[in-house]
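# Survey of secondary and tertiary structure
The primary structure of each chain is shown beneath.
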Amino acid sequence: MRKVVLLAVVLAAASSGIAVSSRQPVRARHAMVATREHHATDVGLAVLKSGGNAIDAAVAIGFALSVTHPSAGNVGGGGFLLARFADGRTTFIDFRERAPQKASRDMYIGPDGKATKDSLVGYRASGVPGTVRGLEMAHKKYGRKPWSELIEPAVQLASQGFPLSYGDARSLRSKHTSERLSRFPESKRIFLNDGKYFEPGDRLQQPELARTLQRVRDMGAKDFYEGETASPLAADMQAHGGLITLNDLKNYKAMERKPLEGAYRGYAIITAPPPSSGGVGILQILGVLEGTGYEKSGAGSAAATHFMTEAMRRYFADRSEYMGDPDFYKVPVSALLNPKYIGHLRQSIDPEQATGSPKLHPGNLGAYESAETTHYSIVDADGNAVAVTYTLNDGYGSAVTAEKLGFLLNNEMDDFAAKPGEPNDYGLIQGEANAIQPRKTPLSSMTPAIVLRDGKLYLVLGSPGGPTIINTVLEVFVNVVDFGMNIADAVDAPRFHHQWMPDALYMETGFSPDTIALLKARGYTIKMVNAQGEVAAILSENGWLEGSADPRTEGTARGY
Ligand code: GLY
């Protein structure tokens, strides 16, 4: 009898798409922080406990990660900060890198007409960094605690050092990373222990970075962009053929933009506008899914995966053509999200068979994997929510450490279309809308997102992972909203990614072999990957905050 009841429960759960819980989120009553690295989580939590708000915590975590998570945490890169305040106001701070004034459309095309590797490694790969200006802008407008107090923990972590985790030590000695970093003496000295490498538990001390952070602590972003940090940075660039000048640094501006807003099944979604392609992406894909009943087949089923993949494929075809910096190109956001257009996309999906990507082109609107960006989510005791995704682009960016300054520089120039129509480092095809121009912002996929239910804060999330970010954020969202998972299970569940071209469905290990066989029978080329994305998410429900860092990483969620 008991067996029969149990079977009935399991069948009911499967048919309604409700997953059986396997992991518990971290729970707290007042405030929560979820980041990729535990020192940074602790720094953020301490700020919140001592009366700082979510913006203060975001600033302190951003600087702490620049010390403790050098592959992606940064002052030499850029990113996006999305906030929703308890009183309902929202903001989006774009501190993404900009192309230097001397950048030009064909700067990465070699004499043979092919794209070179200069957008990926070395001094010419960097855009003008935005992190310090962006975090300062957020703090000046919305912070509560003194700036110096927020930078001090990062200064201490850099000067006193911290024990490297297993994952970070392993990452630093991986073949790909060590080959890149050892090309630049300063990077080799600091991050590869001068070629002797670090073991897990070894202390990483960064005195040069500590001094840079001290100046930022004492003099603010002005030092970074016009003072004692700017001058050696520009000189180092000039000495090594880089393009960033003192003027580029001085002229760098962070921008406050209006977040993109949309709705799905009564949930309000607040997310990243262009120059991110992520917000438009999740809203278009969700629009295609809404009302189809795709979720009835259950999370991880071939039928649900098929429908989601087809929606992803269609968006990425549009992305290749229509997305770029809105200050240089009129991004057709409303057309891409027009319900009639979305209806047309939905109707074009064959419920049984994959649509081969070569048959699919960007819509007529007139009528892999690098996980080395990082995301953190914060909710404070007042109910203010902040989602920050920032990056050096590839792990350890361009591999160049600025002489005497101790920080790695980004290789964000590779997010432009070095040669429109040809794949970049992520295999992404991008068009003229994202061609290089001086002072332009490269198109991003970073998708910090905040979700409301009945007008109240419900979910804060985001992920690294280049173009996979869009699909990762989408999947965690639907795992909660459509498949009824708790936030920990929603983050744990295996993920998949399709980006139109290359025409392959990337699936994490963890999917059932039956699902994979069924998808192959529908016409998909499946490529298995170890991990996709690193989500840091917080869910707010029934007076509790539930946090989850990603078990694919060494991240932590902590609250009080
Ligand atoms: N650099 C990854 C992104 O911005 O999408």
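## Some points on the overall build of the chain
Summing up its helical and strand segments, the chain has 19 helices and 19 strands in all. Radius of gyration (C-alpha) of the chain: 22 Å, near the 24 Å computed for a compact globule of 560 residues. Each principal axis of the C-alpha atoms in the chain carries an extent, and together these give about 70 × 55 × 45 Å. Within the chain, the fraction of its 560 residues that count as buried is 62%.

## Let's talk about the sheet that holds strand β2 (residues 32–35)
With antiparallel pairing, seven strands are arranged side by side in an open sheet as β7-β4-β3-β11-β10-β2-β19. The two strands at the open ends of the sheet, each matched to only one other strand, are β7 (255–257) and β19 (556–559). Neighbour to neighbour, the strand axes of the sheet diverge by 15° on average, direction disregarded. Pairing of strand β3 (residues 78–84) with strand β11 (residues 385–391), which is carried by seven bridges, proceeds in the antiparallel orientation. Looking at β11, one finds that Gly78 is bridged to Thr391. The sheet contacts of helix α4 (residues 131–142) involve β3, β4 (90–95), β7 and β11, and relative to β4 the element is tilted by about 155°.

## Notes on the side chain of Ser277
Summarising the element assignment, Ser277 is placed in the loop between β9 (267–271) and α13 (278–289). Among the residues examined, Ser277 registers a relative accessible area of 0% and is labelled buried. Ignoring any residue separated from it by four or fewer positions in sequence, one finds Ser277 in contact with Tyr315, Arg319, Met323, Leu443, Ser444, Ser445 and Ile470.

## Here's the deal with the environment of Ala531
Following the sequence through the fold, Ala531 ends up in the loop between β16 (526–529) and β17 (537–541). Assessed through its relative accessible area of 29%, Ala531 is described here as partly exposed. Expressed as a C-alpha distance, the spacing of Ala531 and Thr553, which sit 22 residues apart in the sequence, is 9.6 Å.

## As for α4
With 12 residues, α4 should cover 16 Å at 1.5 Å per step; its first-to-last C-alpha distance of 16 Å lies within 8% of that length. α4 sits mainly inside the fold: nine of its 12 residues count as buried.

## What to know about the pattern of salt bridges
Applying the stated criterion to the full structure yields 34 salt bridges. As a salt-bridge pair, Glu412 and Arg96 come within 3.0 Å of each other at their nearest N and O atoms. No difference in accessibility class separates Glu412 from Arg96, as the two residues are buried. Put simply, Lys419 and Glu422 hold a salt bridge, and the shortest N to O gap is 3.5 Å. Several salt bridges converge on common partners, so that one network encompasses Asp94, Arg98, Arg257 and Asp327.

## Some thoughts on the site of the ligand
Arg96, Asn393, Glu412, Asp415, Tyr426, Ser444, Ser445 and Met446 make up every residue found near the ligand. Between a nitrogen atom of the ligand and a side-chain N or O atom of Asn393, the distance comes to 2.7 Å. Within the side chain of Ser444, an N or O atom sits 2.7 Å from an oxygen atom of the ligand. Contact with the protein chains covers 98% of the free accessible surface of the ligand, which is 200 Å². The cavity that encloses the ligand is the largest cavity. Here the shell around the ligand is composed, by residue class, of two nonpolar, three polar and three charged.

## Quick notes on the pairing of β3
Burial of β3 is extensive: seven of the seven residues sit out of reach of the surface. Of the two faces of β3, the one lined by Gly78, Phe80, Leu82 and Arg84 and the one lined by Gly79, Leu81 and Ala83 are each fully buried. With six bridges joining them, β3 and β4 adopt antiparallel strand pairing. Across the sheet, residue Leu81 finds its bridge partner in β4, namely Ile93. Here β3 hands over to β4 after five residues, with Gly88 in that stretch at a positive phi of 100°.

Conventions and cut-offs
- Residues numbered from 1 in each chain as written.
- Predicted model: local features only at pLDDT ≥ 70, side-chain atom pairs only at ≥ 80, totals over all residues.
- Heavy atoms only, no water.
- Helix = DSSP H or I, 4+ residues; strand = E, 2+ residues; numbered from the N terminus.
- Rg over C-alpha atoms; globule rule 2.2 N^0.38 Å.
- Buried < 20%, exposed > 50% of the residue type's maximum accessible area, 1.4 Å probe, protein only.
- Pairing = 2+ DSSP bridges.
- Axes fitted to C-alpha atoms, helices over the stretch in contact; angles between N-to-C directions.
- Contact = heavy atoms within 4.5 Å.
- Expected span 1.5 Å × (residues − 1).
- Salt bridge = Lys/Arg side-chain N within 4 Å of Asp/Glu carboxyl O.
- Near = heavy atom within 4 Å.
- Polar contact = N/O pair within 3.5 Å; in protein donor to acceptor, adjacent residues only side chain to side chain.
- Areas by Shrake-Rupley, 256 points an atom, 1.4 Å probe, with all protein chains shown as cover.
- 1 Å grid on protein atoms, 1.4 Å probe; cavity = no way out; pocket = protein on both sides within 12 Å on 5 of 7 lines; lining within 4 Å.
- Sits in = over half its atoms within 2 Å of the grid points.
- Nonpolar A, V, L, I, M, F, W, Y, C, P; charged D, E, K, R; others polar.

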